[in-house]
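Summary of structural features
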Amino acid sequence: MKSENVGSGGTAVDWRAVLVFVSIAFSSQCGGGFASGSTPWTYFFQNTGFYGMLPEVTQPYFCLLMPLVVAAINCFIIYFFMKFAMDFKTFDYGNFLEKYGSRFWGGVLAKPMQIVYELNFNWLLIVCMALAYSTSGSALKELTGIPYIWTTFIVGVIMFLLCMKGTELVRKNAVFMSAVIFIALVVVHVPNLIFNIGSGKLANEMAVMSCSMEAGIASGAGSFLKYLFIAFVWAYIFSGQNLAGFGAYVNHAQLFNNKKTLRRAVILSVIVNWVFLEMNAINLAGNYSAVYDGWANGKAVYTILVVQNGWAGGAVKAISLTLLTIAIFFATISTAINYAQGFNDRALNWYQKKTGEDPKVSEAKRNRRGAVLTFVYICLTWGISQAGLTALVSKGLTAASYINLFTLILPTVMNVIIGWPDREYDSGRKVQAGTKK
């Protein structure tokens with residue numbers, strides 16, 4: 001695809017940069033939890049509470065609206081913090097947070113924001129890797145009947161081998177992997193979307209959802225407004241866990257040579273993610289009763305139930321399940337390998353700085369040390385994955401969403417209110433293959 005780059009200060013849209021960023025954003029949101037249906041179900045349908053801070057409620061009534069709320073939050077936050085990065089040339093998230101926090105309340109929160117984000121990011125490194133095992137392991141368990149502990153072990157071995165040999169392969173093929181995930185999910189969701197709407201399944205299940213919420217209100221569980229408020233809170237939590245690893249997005253601000261390209265990239269990426277999240281939610285809603293029973297009986301990959309209860313015959317369903325498994329696996333490995341690499345880079349760079357070791361010596365020993373770190377990381381996150389997919393989604397990523405209020409969401413709102421000059425942005429950018437954060 002030809003880039004329409006007119007150099008420094010140019011206004012033509014660089015569509016190559018747009019495509020790379022859309023691929024990054026799509027694969028970032030469309031991880032294993034998204035593809036499996038576990039994340040949308042947990043946040044939009046069966047809210048599992050959060051350590052007493054939020055109630056446990058079944059409130060699917062608003063499920064079709066909440067993806068749009070997520071898209072609106074993502075669009076606002078991503079655009080403004082990336083525009084800030086371009087205007088102030090702060091592409092490293094440490095420098096970005098320092099500058100971001102220095103512009104309000106006398107800058108007293110700048111350092112705490114950096115510290116909290118470091119803790120949150122390292123927490124995400126562990127939870128998202130564990131979630132990667134759990135997603136693929138749950139899918140294999142439900143499709144083959146092999147016990148969960150063994151399916152996650154198999155996935156862990158594959159992850160270790162790929163982390164040692166396949167990091168560059170995955171990074172260089174991020175657009176290709178995003179395309180495979182995209183095509184597989186289109187094949188799975190679009191026909192089932194048409195089937196669920198055309199056959200009346202969605203309308204019937206929406207009636208079931210309405211009765212469920214009305215029964216909850218009648219029993220004193222809360223008013224309509226309370227249910228609506230909680231739905232918006234969970235929509236934010238879904239968005240917040242998407243944005244919690246924003247350090248990668250800040251780095252990719254270097255892809256753009258002007259603000260017009262940034263706007264096109266952000267808007268298009270948000271639209272693509274919203275469409276797929278909306279299709280996912282509609283198909284889960286069209287199979288609400290079956291998915292609810294699956295959830296109650298310990299299942300965790302709800303998109304499998306959508307396919308099994310969907311259109312066409314056995315052969316087509318088998319093909320759809322195969323494509324779904326590929327999509328989940330690709331979404332999983334792209335997450336896992338890049339998180340493992342991120343863990344290694346951060347640990348090894350810290351060690352070199354701490355010991356003052358000669359950079360050449362560190363580089364010579366990097367592969368061997370990386371292998372040891374990867375093994376430890378794999379073992380640690382595999383152990384955590386035994387908590388199960390639903391628990392990891394509802395507790396692990398939800399915690400990151402709350403922390404992200406302090407490190408990104410509220411600071412973005414404050415900076416937009418204060419405002420900053422729209423500066424000239426030269427084309428000293430770095431165009432690179434997209435990687436999933």
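Residues numbered from 1 in each chain as written. Predicted model: local features only at pLDDT ≥ 70, side-chain atom pairs only at ≥ 80, totals over all residues. Heavy atoms only, no water.

1. Things to note about the nonpolar core
Put simply, the test is: Here the nonpolar core consists of buried residues drawn from Ala, Val, Leu, Ile, Met, Phe, Trp, Tyr and Cys, with membership extended through side-chain atoms lying within 4.5 Å. Here the term buried applies to any residue with accessible area under 20% of the maximum for its type, exposed to any over 50%, and partly exposed to those in between, with areas from a 1.4 Å probe on protein chains only. Here, two residues are considered to be in contact whenever any of their heavy atoms come within 4.5 Å of each other.
Ranked by size, the top nonpolar core spans 114 residues in total, and within it Phe-21 and Phe-81 carry the most contacts. When residues no more than four places from it in sequence are discounted, the contact partners of Phe-21 are Ile-78, Met-82, Tyr-249, Leu-255, Phe-256, Ala-265, Val-266 and Ser-269.

2. Some thoughts on the environment of Arg-369
To keep it simple, the criterion reads: By definition, any uninterrupted DSSP run of H or I lasting at least four residues is a helix, any uninterrupted run of E lasting at least two residues is a strand, and each is numbered from the N terminus. Between N or O atoms, a polar contact is any pair within 3.5 Å; within protein, one atom must be a potential hydrogen donor and the other a potential acceptor, and residues adjacent in sequence are included only when both atoms are from side chains.
Within the secondary structure, Arg-369 sits in helix α17 (residues 359–385). Put simply, Arg-369 and Leu-348 are 21 residues apart on the chain and 7.9 Å apart in space, counted from C-alpha to C-alpha. Setting aside residues no more than four positions away along its own chain, Arg-369 makes contact with Leu-348, Tyr-351, Glu-357 and Ser-362. Within polar-contact distance, the side chain of Arg-369 engages the side chain of Glu-357 at 2.8 Å.

3. Thoughts on the packing of helix α10 (residues 201–218) against helix α13 (residues 259–286)
Note the threshold: To define axes, lines are fitted to C-alpha atoms, for helices over the stretch in contact only, and angles between the resulting N-to-C directions are given on a 0 to 180 degree scale. Under this scheme an angle from 65 to 115 degrees is roughly perpendicular, one under 35 degrees roughly parallel, and one over 145 degrees roughly antiparallel; angles in between are oblique. All amino acids are sorted into three groups, where Ala, Val, Leu, Ile, Met, Phe, Trp, Tyr, Cys and Pro are nonpolar, Asp, Glu, Lys and Arg are charged, and the leftover types, Gly among them, are polar.
Packing of α10 against α13 brings their axes to within 8 Å, and their N-to-C directions diverge by 75°. On the basis of the axis angle, α10 is roughly perpendicular to α13. Only Ile-282, Ala-285 and Gly-286 of α13 make contact with α10, whose side of the interface consists of Lys-201, Leu-202, Glu-205 and Met-209. Here the residues of the contact of α10 with α13 are counted per class, giving four nonpolar, one polar and two charged.

4. Observations regarding the pattern of salt bridges
Condition: Each reported salt bridge corresponds to a side-chain nitrogen of Lys or Arg within 4 Å of a carboxyl oxygen of Asp or Glu.
Under the defined criterion, the tally for this structure stands at five salt bridges. Measuring nitrogen to oxygen at the nearest pair gives 2.8 Å for the salt bridge that ties Asp-87 to Lys-83. With a gap of four residues between them, Asp-87 and Lys-83 both fall in helix α4 (residues 66–88), about one helical turn apart. Judged on exposure class, the residue Asp-87 and its partner Lys-83 are both buried. With a shortest N-O distance of 2.7 Å, Lys-259 and Asp-422 are connected by a salt bridge.

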